[in-house]
Number of protein chains: 2
Amino acid sequence: MEFPKEEDFSEWYHKVLDEAQVIDQRYPIKGMLVYRKWGLYIIRQAQQYLERRLEEDGHEPVLFPVLIPEDVLGKESEHIAGFENEVFWVTHAGATPLERKLALRPTSETSMYNLFSLWVRTHGDLPIKIHQSCAVYRYDTKHTRPLIRGREFLWNEGHTAFATRKEALENIETIIGIYGKLIGDLLCLPYQVNKRPDWDKFPGAEYTIAFETLMPDGKTLQIATVHNLGQHFSKVFDITYADEQGGRHHAWQTSYGPGFGRLLAAVISVHGDEKGMILPPQVAPVQAVIVPIIFKDTEGKVRKEAEALKHKLEKHGIRVEIDDREIRPGEKYYYWEQRGVPLRIEIGPRDLEKKQVVVVRRDTGEKLFVPEADLDVHKIFSDIEANLKKKAQESFNHRIKKAANMQELEERLTTGGIIEAGWCGKQECAKQIEPIGTILTIEEDKKTDCVNCGNPGTHIRIAKTY
Amino acid sequence: MEFPKEEDFSEWYHKVLDEAQVIDQRYPIKGMLVYRKWGLYIIRQAQQYLERRLEEDGHEPVLFPVLIPEDVLGKESEHIAGFENEVFWVTHAGATPLERKLALRPTSETSMYNLFSLWVRTHGDLPIKIHQSCAVYRYDTKHTRPLIRGREFLWNEGHTAFATRKEALENIETIIGIYGKLIGDLLCLPYQVNKRPDWDKFPGAEYTIAFETLMPDGKTLQIATVHNLGQHFSKVFDITYADEQGGRHHAWQTSYGPGFGRLLAAVISVHGDEKGMILPPQVAPVQAVIVPIIFKDTEGKVRKEAEALKHKLEKHGIRVEIDDREIRPGEKYYYWEQRGVPLRIEIGPRDLEKKQVVVVRRDTGEKLFVPEADLDVHKIFSDIEANLKKKAQESFNHRIKKAANMQELEERLTTGGIIEAGWCGKQECAKQIEPIGTILTIEEDKKTDCVNCGNPGTHIRIAKTY
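Residues numbered from 1 in each chain as written. Chains lettered and ligands numbered in written order. Predicted model: local features only at pLDDT ≥ 70, side-chain atom pairs only at ≥ 80, totals over all residues. Heavy atoms only, no water.

1. Looking at the overall build of chain A
Okay, step 1: A count of helical and extended segments in chain A gives 14 helices and 23 strands.
Okay, step 2: Radius of gyration (C-alpha) of chain A: 25 Å, near the 23 Å computed for a compact globule of 466 residues.
Okay, step 3: Based on the C-alpha atoms only, the size of chain A along its principal axes is roughly 85 × 55 × 50 Å.
Okay, step 4: When each of the 466 residues of chain A is scored for burial, the buried share is 60%.
Okay, step 5: Long-range pairs, those at least 24 residues apart, make up 67% of the contacts in chain A between residues at least 6 apart in sequence.
Okay, step 6: For chain A, the accessible area works out to roughly 19300 Å², and carbon and sulfur atoms hold 49% of it.
Okay, step 7: Side-chain charges of chain A comprise 64 positive and 71 negative groups, with the mean position of each set lying 3 Å from the other. (Helix = DSSP H or I, 4+ residues; strand = E, 2+ residues; numbered from the N terminus. Rg over C-alpha atoms; globule rule 2.2 N^0.38 Å. Buried < 20%, exposed > 50% of the residue type's maximum accessible area, 1.4 Å probe, protein only. Contact = heavy atoms within 4.5 Å. Areas by Shrake-Rupley, 256 points an atom, 1.4 Å probe, with all protein chains shown as cover. Lys, Arg positive; Asp, Glu negative; His and termini not counted. Charge placed at Lys NZ, Arg CZ, Asp CG, Glu CD.)

The following block contains the structure:
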């Protein structure tokens, strides 16, 4: 979906989140919210999909405590410098002051790597590949937005240690592949993979790679990051292994994570339309809703048929509900359309006679009359997925634009999107560019003249970002 | 298992937790630990089983923030009195003091019911039945024990609001049934359901019902509780609904939760033996391990057969691994036995010739030679389950004893168990009893003479508790 005006998108977004009970925004702490059934189910699907793929790749699940002692969090200097203004501190238990402050984890590198140093002795203890699904806490002082920028957010974080830099780099490629599947295949979202400029990397990393998609107002949303940590943390936390000759070496590390709240925000916003959500079938809490059309004299038969169809679909692994509330069909349609349920199946007395069902696709609004025996819901779902991917990708593509000078850059960015341009590498030019849009990435191997000074430079991508 | 000496059990318990990598106890905050793969998988099974059953019963999943504002937590006076000494307080964000303190949730009644008051307007908004799987935080000053008594613990908590007391009572019966299935069927654990004495109820409840099992050292372990909250919280948080005549009434509420750490501790300890864990097949992270017996000349064939068997079992939904590490078979046997894997399947060249496999049950040590075509792993699993339940129940039953006087009470309790006795209802007699053992429950409708003074009284159960 595209909403060139940010306030229109914002209004649509809040309405959908509230009315479809995705979340409750009225929790009495700024930047913290309540996940309700509809939002949580979608997150659960994404989480389970991701966990399965990580575990197939040999990642082991773990769960670390939410609290990190001050001295552990503060051990790597760049890292703590990046987070110290954002950390929630526990200072008391009951009325008693604690001997040392405990941080709500803003991310888990330090608490995990502190134990990695106990887990790794020899080459045989490597690689370590672990992941955890949890919440992290950052006292972000920017304007908060539900699911997009908050102070408690749900994610999955992966952490590794390898014997060689080569293995760490291979792992990064594997993770980019897994995240690509999660974002592109499961959630049907278009995305770009951008290596961040050095000034925008994760605190303590060698470099950071980010995934972003485009929101309806044209701003990019960072939905996952992958960090090459090099040996920064392994040197500080003393994660060393003995090779076969007895020499000791520091491990090579990576860490990465997608944010589930942001994935949820993206899947709702990118695919949605004026009626509400349009959910990819694989993550829809309810994949098909059956609406029996009730008249007095045929009520029994129609209800029986609806039940029979429900059982049949459930046998094929489809999440299906019958809506037999005593409200008008039109109200039911509105209700399930807003919630993004991929398929509505209507059964009335005439359909019963004709041995057919009426199938309505949420993504196209298309109404199909299908002989019941021929109904292949899985086939329709894969058509819906293909259509969602295609539509979203087209919208994404046409919002990638070029700018040769500052005037073009400003103009193009008024409706958002990702701008391809050039930068000479000088700080004074970056200072002109960044108030207008954020430099997402610098592609060193591609030459383009600087959008500000016109001198030869390297290719960059610029966007307004969330 | 039974370990009448507490220190013997404690030694066994710590060794299993460490060596089988159930958890890591070396996290640098007292009472907080790291869940590792083996422990987390078992918890995941229990959690998913429970969530499925709660959702079938109409509970909706939610996730509330971990932080609760001080004024919200403090609203119900009995409740805050019960928890105020145990609360971890967040007081700062970065270097900035917060305007009001935020508690790490010790339990979620207050944060949830604060929103219930917004969710409930009329009769049609009821019932509310929600559940969340999360961690809660209590600064317990007693001696901590891994998984049993800590300061961060994993649980699932259910919360409800009903229009009538009758529905609330029915809900309590439903939950007792669901928890009974989780504990008794899935985890094969024997248990007792005890209504706690009034002085031992949940802060803010009308009464509390607890589930307990017996640990190998004879102490009881409370693994789940169910609270009838009456209208205590709905009056304080103003959860009211309009009936059809427009009259306003306060909702009736219940809350409940099993602790996943304690369930894990119980399943490890109750079923285990001197070799380590014996896991019920349904929750075992690996349900069957295939050990190929390798000789040079037949290696290819044996490996191929092992792979074929693995695929066949996986098709039947069994979690199976091949152990082809280059270590002695004996080491492999020890490794998987300690981890409680229900079934070991050995395949060697002679078995290949005879078209058989060698199957070894972890629970009985029984070795079976089974024609490969006849191998019915699901049948063996249900035999294992039945055997685990029977053995555990017998051990439980014979540790329920009677005591007619204080001398008998003390004697019986030296080896633990649950003591059936009587109590006259006078505080001075309770004061004699409770230093020896905790009164788990008072059965008002059953008459037994007081174990201390000999006067007529009601039946009670006493135990040393964790």
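2. Considering the relation of the copies chain B and chain A
Okay, step 1: Between the two copies, chain B and chain A, the superposition gives an RMSD of 0.0 Å; the rotation angle is 180° and the shift along the axis is 0.0 Å. Such a combination of rotation and displacement between the chain copies is what one expects of a two-fold axis. Scanning chain B for the C-alpha nearest the rotation axis identifies V90 of chain B, at a separation of 2.1 Å.
Okay, step 2: The overlap is high: 100% of the interface residues of chain B also sit at the interface in chain A, so the same surface is used on both sides. (Least-squares fit on C-alpha atoms with pLDDT ≥ 70 in both.)

3. A few points about the packing of aromatic side chains
Okay, step 1: Under the definition given, this model contains 36 aromatic pairs over all chains.
Okay, step 2: Between F9 of chain A and Y13 of chain A, the ring centres sit 5.4 Å apart and the planes meet at 35°, which makes this aromatic pair tilted. On the criterion of helical spacing, the pair formed by F9 of chain A and Y13 of chain A is a turn pair, its members being 4 residues apart in helix 1 (residues 6-19). Both residues of the pair, F9 of chain A and Y13 of chain A, count as buried.
Okay, step 3: Ring geometry for Y27 of chain A against F64 of chain B: centres 6.2 Å apart, planes inclined by 75°, an arrangement best described as edge-to-face. Here Y27 of chain A, found in the loop between strand 1 (23-24) and strand 2 (34-35), pairs with F64 of chain B, found in the loop between strand 3 (60-61) and strand 4 (67-69), and the two come from separate chains. (Phe/Tyr/Trp six-rings, centres within 6.5 Å; stacked < 30°, edge-to-face > 60°.)

4. Focus on the pattern of salt bridges
Okay, step 1: Using the criterion set out here, one finds 66 salt bridges over all chains in the structure.
Okay, step 2: Between E51 of chain B and R44 of chain A there is a salt bridge whose closest N-O contact spans 3.8 Å. Linking E51 of chain B in helix 2 (residues 37-56) with R44 of chain A in helix 2 (residues 37-56), this pair reaches from one chain into another.
Okay, step 3: Residue D57 of chain A is joined to K129 of chain A by a salt bridge in which the shortest nitrogen-to-oxygen separation is 3.3 Å. Within this pair, whereas D57 of chain A is found in the loop between helix 2 and strand 3 (60-61), its partner K129 of chain A is found in strand 7 (residues 128-137), the two being separated by 72 residues in sequence.
Okay, step 4: What you see here is one network of salt bridges that share partners, running through K275, E337, R344 and E346 of chain A. (Salt bridge = Lys/Arg side-chain N within 4 Å of Asp/Glu carboxyl O.)

5. Quick word on the interface of chain B and chain A
Think of interface size as the accessible area that goes away when the parts come together; that is how it is often given.
Okay, step 1: Between chain B and chain A, the contact holds 52 residues from the first and 52 residues from the second.
Okay, step 2: A buried area of about 4400 Å², summed over both sides, lies between chain B and chain A, and 62% of it is on carbon and sulfur atoms.
Okay, step 3: Taken as a group, Y27, L63 and P65 of chain B account for 13% of the area that chain B buries against chain A, more than any other trio of residues on that side.
Okay, step 4: The tally of links between chain B and chain A comes to 4 salt bridges.
Okay, step 5: The tally of links from chain B across to chain A stands at 23 residue pairs in polar contact (both at pLDDT 80 or more).
Okay, step 6: Counting residues per element, the side of chain B that touches chain A draws most heavily on helix 2 of chain B, at 7 residues.
Okay, step 7: Partitioned by chemical class, the residues of the side of chain B that touches chain A number 33 nonpolar, 8 polar and 11 charged.
Okay, step 8: Here 5 bridges tie strand 5 (residues 88-93) of chain A to strand 5 (residues 88-93) of chain B, and the two strands are oriented antiparallel to one another. Paired with A93 of chain A across the strands is F88 of chain B, a residue of strand 5 of chain B. (Buried area = accessible area lost by both parts, 1.4 Å probe. Polar contact = N/O pair within 3.5 Å; in protein donor to acceptor, adjacent residues only side chain to side chain. Nonpolar A, V, L, I, M, F, W, Y, C, P; charged D, E, K, R; others polar. Pairing = 2+ DSSP bridges.)

6. Thoughts on the domain arrangement of chain A
Residue and element names in this part refer to chain A.
Okay, step 1: Domains assigned within chain A are domain 1 (6-271), domain 2 (286-382) and domain 3 (400-463).
Okay, step 2: Note on domain 1 versus domain 3: buried area summed over both sides is about 1000 Å², and carbon and sulfur give 55% of it.
Okay, step 3: Where domain 1 meets domain 3, there are 0 salt bridges.
Okay, step 4: Linking domain 1 with domain 3 are 4 residue pairs in polar contact (both at pLDDT 80 or more).
Okay, step 5: For the side of domain 1 that touches domain 3, the elements supplying multiple residues, two or more each, are strand 9 (192-195) and strand 10 (207-214). (Domains from an automatic or database assignment.)

7. As for the sheet that holds strand 4 (residues 67-69) of chain A
Okay, step 1: Strand order in the open sheet formed by 6 strands is 4(A)-6(A)-5(A)-5(B)-6(B)-4(B), and the pairing between neighbours is antiparallel. If you trace the sheet from one side to the other, it starts and ends with strand 4 of chain A together with strand 4 of chain B, each paired once. Between one strand axis and the next, the sheet turns through 45° on average, direction left out of account. (Axes fitted to C-alpha atoms, helices over the stretch in contact; angles between N-to-C directions.)

8. Quick look at the pairing of strand 11 (residues 220-230) of chain B
Residues and elements named next belong to chain B.
Okay, step 1: Among the 11 residues that make up strand 11, 10 are buried, leaving the element largely enclosed by the rest of the structure.
Okay, step 2: Relative to strand 11, strand 10 (residues 207-214) runs antiparallel, the two sharing 8 bridges. Each residue of the ladder has a partner; that of I209, found in strand 11, is V226.
Okay, step 3: Linking two consecutive strands that pair antiparallel, namely strand 10 and strand 11, is a turn of 5 residues; a positive phi of about 90° is found at G218 within it.
Okay, step 4: Pairing geometry for strand 11 and strand 14 (residues 253-258), over 6 bridges, is antiparallel. For T225, the partnering residue across the bridge sits in strand 14 and is G257.

9. What to know about the nonpolar core
Okay, step 1: One finds L67, L104 and Y179 of chain A together with L67 and Y179 of chain B to be the most contacted residues of the largest nonpolar core, which totals 211 residues.
Okay, step 2: Once residues within four sequence positions are removed from consideration, L104 of chain A is found in contact with V66, L67, V87, F88, V90 and Y137 of chain A together with L67, V90 and L104 of chain B. (Core = buried A, V, L, I, M, F, W, Y, C linked by side-chain atoms within 4.5 Å.)

10. Considerations on the pairing of strand 8 (residues 152-161) of chain A
Residues and elements named next belong to chain A.
Okay, step 1: Counting buried positions along strand 8 gives 9 out of 10 residues, so the element sits mostly inside the fold.
Okay, step 2: Pairing geometry for strand 7 and strand 8, over 10 bridges, is antiparallel. Bridge pairing in strand 8 places I130 opposite H159.
Okay, step 3: As paired elements, strand 8 and strand 14 (residues 253-258) share 2 bridges and run antiparallel to each other. Considered in strand 14, the bridge of H159 is made with S255.

11. Remarks on helix 8 (residues 260-271) of chain A
In an α-helix, one turn spans 3.6 residues, which is why side chains three or four residues apart end up on the same side.
Residues and elements named next belong to chain A.
Okay, step 1: Relative to the 16 Å expected for 12 residues at 1.5 Å per residue, helix 8 spans 17 Å between its end C-alpha atoms, a close match to the ideal helical length.
Okay, step 2: Burial analysis of helix 8 places 12 of its 12 residues in the buried class, which makes it a mostly covered element.
Okay, step 3: All of the buried residues in helix 8 are F260, G261, R262, L263, L264, A265, A266, V267, I268, S269, V270 and H271. (Expected span 1.5 Å × (residues − 1).)

12. Remarks on the packing of helix 2 of chain B against helix 8 (residues 260-271) of chain B
Residues and elements named next belong to chain B.
Okay, step 1: Contact pair helix 2 / helix 8: the axes reach a minimum separation of 10 Å and the direction vectors enclose 115°. Relative to helix 8, helix 2 is oriented so that their crossing is right-handed. Residues G39, I42, I43, A46, Q47 and L50 of helix 2 form the contact with helix 8, whose own contacting residues are F260, L264 and V267.
Okay, step 2: Residues that form the contact of helix 2 with helix 8 fall into these classes: 7 nonpolar, 2 polar and no charged. (Left-handed = near helix turned anticlockwise from the far one by under 90°.)

13. Brief notes about unusual backbone geometry
Working note: non-glycine residues mostly have negative phi, and peptide bonds are mostly trans.
Residue and element names in this part refer to chain A.
Okay, step 1: In the segment running from L126 into P127, the intervening peptide bond is cis, with an omega of -5°.
Okay, step 2: Even without a glycine there, the phi angle at D238 is positive, about 60°.
Okay, step 3: Along the chain, D238 falls in the loop between helix 7 (232-236) and strand 12 (240-242).

14. Things to note about helix 9 (residues 299-315) of chain B
Residue and element names in this part refer to chain B.
Okay, step 1: Compared with the 24 Å implied by 1.5 Å per residue over 17 residues, the 25 Å span of helix 9 between its first and last C-alpha is a close match.
Okay, step 2: Buried within helix 9 are the following residues: V302, A306, L309, K310 and L313. For helix 9, the angular spread of buried residues about the axis comes to 105°, placing them on one side. Opposite its buried face, helix 9 presents the exposed residues G300, K301, K304 and K315, each directed more than 90 degrees away.
Okay, step 3: The secondary structure elements touched by the buried residues of helix 9 are strand 15 (288-292), strand 16 (320-322), strand 17 (343-347), helix 11 (349-353), strand 18 (356-361) and helix 12 (377-397).
Okay, step 4: Looking one or two residues beyond helix 9, the residue adopting positive phi is G317, at roughly 80°. (Arc of directions from axis to C-beta.)

15. A look at the environment of G180 of chain B
Residue and element names in this part refer to chain B.
Okay, step 1: Positionally, G180 belongs in helix 6 (residues 165-186).
Okay, step 2: When the C-alpha atoms of G180 and R121 are compared, they prove to be 34 Å apart, with 59 residues separating the residues in sequence.
Okay, step 3: Other than its neighbours up to four places away in sequence, G180 contacts D185, Y191 and F211.

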